[in-house]
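# Breakdown of the fold
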Amino acid sequence: MPFTPEAVRQSFPALNQTVNNEPVYFFDGPGGSQVPSAVLEKMTAYLGHFNSNLGGAFFSSAETVSVVEQARASAQALLGAPSADNIVFGANMTSLTFQLSRAISRDWQAGDEIIVTALDHYSNVSSWQQAAEDKGVIVHQVRVNEADCTLDYEHLFSLLSNKTRLVAVTYASNTTGSLVGVKRIIDAAHLMGAQVYVDAVHYAPHALVDVQALGCDFLACSAYKFFGPHVGIAYVAPQWLQTLRPYKVEPATEQGPGRFETGTQSFEALAGLVAAVEYLAQWGDKGASLRQRLIQSYAQYQQHEAVLSQHFLYCLSQYSNIKLYGIDEPSRISERTPTFAIRIDGVTPGDVASHLGRLNMCVWNGHFYALGLCKQLGVLEEGGVIRIGLMHYNTVEEIDQLFEALGPFLQR
Ligand SMILES: Cc1ncc(COP(=O)(O)O)c(C=O)c1O
């Protein structure tokens, strides 16, 4: 059976509810996606029957060990990691990044340099800026091309040198949807002996990560952005798994990803993660490997998301007073996710979001922690932007409803 949004929508309780007897519209995916029943059921089953900890000589502890192993295998398939041992779990992407940044920066020296970008969510900027401050390391920030909100690669490459220790870069902007050619950046950084830390939080719900093809050193994402619960996932490349010295409670684990994990994990979230990856893979050939099924399924999501983007851009082009920040050419849709940052002349993003909220239409307004971008675009002090984030469960009809709802503010 091929993927259709209608087919998946049935499995999301949130999409089928009414609020005040009216339907609901979720255009807030980049802030957090909705969750299918299979994920909810796995989480309830774990907490209801097996809630325990690791290492006990009884059934529920054995089940907990098995949940963690399954979750690592699922995340390995999702990210294309060489081994489940390369997968580290944590509370969320931000906490994992702060934690990893402490270990990664241990041997930085005063005068070393690092590169962050203005396109990034500040979880992948502040962590590094603060580590750099502790060590007297110089921080460069790469600009954005304002015309289409893509990363200014020339600027980035001009900043790279043999003093660069790390490049921290997003795979996709959570605000404008711009994709970043991180492979080019990784190759260039490695030539200079620098490591690369990739933020794939916004990328992962829309395109399949392949850490081995990228050759990145570290990559982080967050399951609540791809139809799962709140849990952060980091990939640590094999060469850094044993050589980095993470900050740990004694007696510290000597081997494997546990070296990077602190405290007790959210096992119910890991149970949900397994179901979320299985949900994502459901459109692949039965009997194929999980990775293969993910490849096949993502191809279908991308086809549908391209249709959504085309339709959104078409609707947008009908009005003269909407400004889009990001790629607007239909021919360049493969360079973006279906996440759109807009402002409407004569009305603040906050007022637009409140108007839509009253109609059960969920959109976010503000800066979304993309501070560098919003500062460069000059919108930070002006209420930021309205973000309309489409997911594979959204439909063309919902986009039409959205533009109808925006009607009072729009001019042809
Ligand atoms: C692109 C991007 N990176 C990082 C984060 C932070 O993720 P988390 O909430 O898991 O810390 C977000 C959250 O919105 C994001 O959109």
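The present account deals with the structure reproduced in this document. (Residues numbered from 1 in each chain as written. Predicted model: local features only at pLDDT ≥ 70, side-chain atom pairs only at ≥ 80, totals over all residues. Heavy atoms only, no water.)

### Thoughts on the site of the ligand
Heads up, the condition is: Put simply, a residue is near a molecule or strand once any heavy atom of it comes within 4 Å of that molecule or strand. Think of a polar contact as two N or O atoms within 3.5 Å of one another; within protein, one of them needs to be a possible hydrogen donor and the other a possible acceptor, and neighboring residues in sequence only count if both atoms come from side chains. Under this grouping Gly is polar, as are all residues other than the nonpolar Ala, Val, Leu, Ile, Met, Phe, Trp, Tyr, Cys and Pro and the charged Asp, Glu, Lys and Arg.
Around the ligand lies a shell formed by Asn-92, Met-93, Thr-94, His-121, Ser-123, Asn-174, Asp-199, Val-201, Ser-222, Tyr-224 and Lys-225. A distance of 2.9 Å separates an oxygen atom of the ligand from a polar backbone atom of Met-93. In this structure, Ser-222 approaches the ligand through a side-chain N or O atom, which is 2.5 Å from an oxygen atom. Its residues assigned to classes, the shell around the ligand comprises 3 nonpolar, 6 polar and 2 charged.

### Topic: the environment of Gly-272
To be explicit about the condition: In DSSP terms, a helix is any run of H or I states spanning at least four residues, a strand is any run of E spanning at least two, and both are numbered starting from the N terminus. Remark: exposure states derive from per-residue accessible area (1.4 Å probe, protein chains only) relative to the maximum for the residue type, with buried under 20%, exposed over 50%, and partly exposed in between. By definition, residues are in contact when any of their heavy atoms lie within 4.5 Å.
If you trace the backbone, Gly-272 turns up in helix α10 (residues 267-280). In this structure Gly-272 comes out as buried when scored by relative accessible area, which is 0%. Sequence separation between Gly-272 and Ala-38 is 234 residues; the distance between their C-alpha atoms is 8.1 Å. Beyond its immediate chain neighbours, meaning those up to four positions away, Gly-272 contacts Val-39, Met-43 and Pro-229.

### Details of unusual backbone geometry
Of the consecutive residues Glu-250 and Pro-251, the connecting peptide bond is found in the cis state with omega at -5°. One can find Pro-251 in the loop between α9 (238-241) and α10. One non-glycine residue, Cys-149, lies in the positive phi region at around 55°. With respect to the helices and strands, the residue Cys-149 is situated in the loop between β7 (144-145) and β8 (150-151). When its relative accessible area of 0% is taken as the criterion, Cys-149 is described as buried. For Phe-368, which is not glycine, the phi torsion reads 55° and is therefore positive. Note on placement: Phe-368 falls in the loop between β16 (364-366) and α13 (371-377).

### A look at helix α3 (residues 59-79)
To keep things clear, this is the line we draw: Under the convention used throughout, the expected extent of a helix is 1.5 Å for every residue step, that is, one less than its residue count.
Counted at 1.5 Å a residue, the expected span for α3 with its 21 residues is 30 Å, and the 30 Å between its end C-alpha atoms agrees. When we look at burial in α3, the residues that qualify are Ser-60, Ser-61, Thr-64, Val-67, Val-68, Ala-71, Arg-72, Ser-74, Ala-75, Ala-77, Leu-78 and Leu-79. Immediately downstream of α3, the backbone of Gly-80 shows phi near 70°, a positive value.

### Thoughts on the nonpolar core
Condition: Remark: nonpolar core denotes a set of buried residues (Ala, Val, Leu, Ile, Met, Phe, Trp, Tyr, Cys) joined through side-chain atoms within 4.5 Å. Per the annotation, domain bounds derive from an automatic or database assignment of domains.
One finds Leu-79, Leu-219 and Phe-226 to be the most contacted residues of the largest nonpolar core, which totals 85 residues. At 9 residues, the largest contribution of residues to this core is made by α10. Lining this core are residues from two domains, each supplying at least three of them: domain 1 (5-36 + 291-409) and domain 2 (41-280). Each residue touching Leu-219, except ones within four places of it in the same chain, is listed here: Leu-79, Val-198, Ala-200, Val-209, Val-211, Leu-214, Ile-233, Ala-234 and Tyr-235. Counting 29 residues, the second-largest nonpolar core is a separate cluster that includes Tyr-319, Met-361, Phe-403 and Leu-406.

### Description of the pattern of salt bridges
For side chains of opposite charge, pairing can occur when their charged atoms come near one another. Where we set the bar: Salt bridge, as used here, is a side-chain nitrogen of Lys or Arg placed within 4 Å of a carboxyl oxygen of Asp or Glu.
Counted by the stated rule, this structure contains 11 salt bridges. Here Asp-148 and Arg-332 are joined by a salt bridge, their closest N and O atoms 3.0 Å apart. Of this pair, Asp-148 sits in the loop between β7 and β8 while Arg-332 is found in the loop between β13 (322-325) and β14 (339-344), placing the two residues 184 residues apart along the sequence. Across the pair, exposure class does not vary: Asp-148 and Arg-332 are buried alike. With a closest N to O distance of 3.8 Å, Asp-210 and Arg-291 form a salt bridge. Taken together, the positions of Asp-210 in the loop between β10 (195-199) and α8 (211-214) and Arg-291 in helix α11 (residues 290-317) put the pair 81 residues apart, joining distant regions of the chain. The class of Arg-291 is buried, set by a relative accessible area of 19%. Among the charged side chains, a salt-bridge network with shared partners connects Asp-148, Glu-329, Arg-332 and Glu-335.

### Brief notes about the sheet that holds strand β4 (residues 87-90)
Using the following cut-off: Any two strands between which DSSP finds at least two bridges are classified as paired. In this analysis, axes come from line fits to C-alpha atoms, helices being fitted only over the stretch in contact, and the angle between any two N-to-C directions falls in the range 0 to 180 degrees.
On the basis of which strands lie adjacent, the open sheet formed by 7 strands has the order β4-β12-β11-β10-β9-β5-β6 and mixed pairing. Each edge of the open sheet carries a strand with a single partner, namely β4 and β6 (138-142). The average angle at which neighbouring strand axes cross in this sheet is 20°, direction not considered. Bridging between strand β9 (residues 164-170) and β10 involves 5 bridges; their strand directions are parallel. Looking at the pairing, Thr-170 lines up with Asp-199 of β10. Lying over the sheet, helix α4 (residues 93-104) contacts β4, β9, β10, β11 (218-222) and β12 (232-236), oriented at roughly 170° with respect to β10. Along the sheet, helix α7 (residues 182-191) contacts β9 and β10; its crossing angle with β9, the most-contacted strand, is approximately 175°.

### Remarks on the packing of aromatic side chains
Rule in force here: Only Phe, Tyr and Trp rings are paired, with Trp represented by its six-membered ring, and only when their centres lie within 6.5 Å; those with planes under 30 degrees apart are stacked, over 60 edge-to-face, the remainder tilted. Put simply, a charge is over a ring when the Lys NZ or the Arg CZ is close to the ring centre, within 6 Å, and near the line of the ring normal, within 35 degrees.
One pass over the full model with this rule turns up 19 aromatic pairs. Of note, Arg-106 hangs over the ring of Tyr-247, and the distance from its end group to the ring centre comes to 4.0 Å. Seen from the ring of Tyr-325, Lys-323 lies directly overhead, with NZ or CZ sitting 4.9 Å from the centre.

The quantities given are spatial measurements derived from coordinates; they are silent on function.
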